[in-house]
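# Geometric and topological summary
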Amino acid sequence: MVRSIYHDKERSEALLPASGLKWTLVYPVILTYGPPAEAVEVRSMAQVHKVAGLPKVSRADVASVMLNAAKDDRTIGQTLIVSSNGSVR
């Protein structure tokens, strides 16, 4: 079952660029129900070499990143990772 989910995910991501839509993918690390952090790490997946340990990020932080990305044309066509501050290299 998991294999089919990842197959669907890969297929849909491959179709996005030709869709004519303005899109941004947002991938959070382990999600928590904690309060927003003072700072989170948001990077393009193209710039990520390693995610250290098992970082966590609150759903509130991810929601904030998503809202900001929706207003920022520089994120169009990018895949972003959202993680706790200092965990992405």
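Provided above is the structure to which this section pertains.
Residues numbered from 1 in each chain as written. Predicted model: local features only at pLDDT ≥ 70, side-chain atom pairs only at ≥ 80, totals over all residues. Heavy atoms only, no water.

### Side note on the overall build of the protein
In terms of regular secondary structure, the protein is built from two helices and five strands. Element order for the protein, N to C, with α for helix and β for strand: α-β-β-β-β-α-β. Along the three orthogonal principal directions, the C-alpha set of the protein runs to about 35 × 35 × 25 Å. The buried share of the protein, reckoned over its 89 residues, is 24%. Sequence-distant contacts in the protein: of pairs separated by 6 or more residues, those separated by 24 or more amount to 85%. Carbon and sulfur atoms make up 57% of the accessible area of the protein, which amounts to about 6500 Å² in all. Across the protein, 11 positive and 8 negative side-chain charges occur, with their mean positions spaced 4 Å apart. (Helix = DSSP H or I, 4+ residues; strand = E, 2+ residues; numbered from the N terminus. Buried < 20%, exposed > 50% of the residue type's maximum accessible area, 1.4 Å probe, protein only. Contact = heavy atoms within 4.5 Å. Areas by Shrake-Rupley, 256 points an atom, 1.4 Å probe, with all protein chains shown as cover. Lys, Arg positive; Asp, Glu negative; His and termini not counted. Charge placed at Lys NZ, Arg CZ, Asp CG, Glu CD.)

### A word on the sheet that holds strand E1 (residues 25–28)
In space, the three strands of this open sheet follow the order E1-E5-E3, with mixed pairing throughout. Two strands close off the open sheet at either side, each with one partner strand: E1 and strand E3 (40–44). Geometrically, the sheet is characterised by an average inter-axis angle of 25° between neighbouring strands, direction not taken into account. In the sheet, E3 pairs with strand E5 (residues 79–84) via five bridges, with the strands oriented antiparallel. Each bridged residue has a counterpart across the sheet, and for Val42 the counterpart in E5 is Val82. (Pairing = 2+ DSSP bridges. Axes fitted to C-alpha atoms, helices over the stretch in contact; angles between N-to-C directions.)

### Concerning the side chain of Ser44
Its place among the elements puts Ser44 in strand E3. Classification of Ser44 as buried rests on a relative accessible area of 14%.

### Points about helix H2 (residues 59–71)
The end-to-end C-alpha separation of H2 is 19 Å, in line with the 18 Å expected for 13 residues at 1.5 Å each. All of the buried residues in H2 are Asp61, Val62, Val65 and Ala69. Buried residues of H2, seen end-on, are gathered within an arc of 95° and therefore sit on one face of the element. Of the residues in H2, the exposed ones pointing more than 90 degrees away from the buried face are Leu67, Ala70 and Lys71. (Expected span 1.5 Å × (residues − 1). Arc of directions from axis to C-beta.)

### Here we look at the packing of aromatic side chains
For the coordinates displayed, the defined rule picks out zero aromatic pairs. One cation-aromatic arrangement involves Arg59 over Tyr33; the distance from NZ or CZ to the ring centre is 3.9 Å. (Phe/Tyr/Trp six-rings, centres within 6.5 Å; stacked < 30°, edge-to-face > 60°. Lys NZ or Arg CZ within 6 Å of the ring centre and 35° of its normal.)

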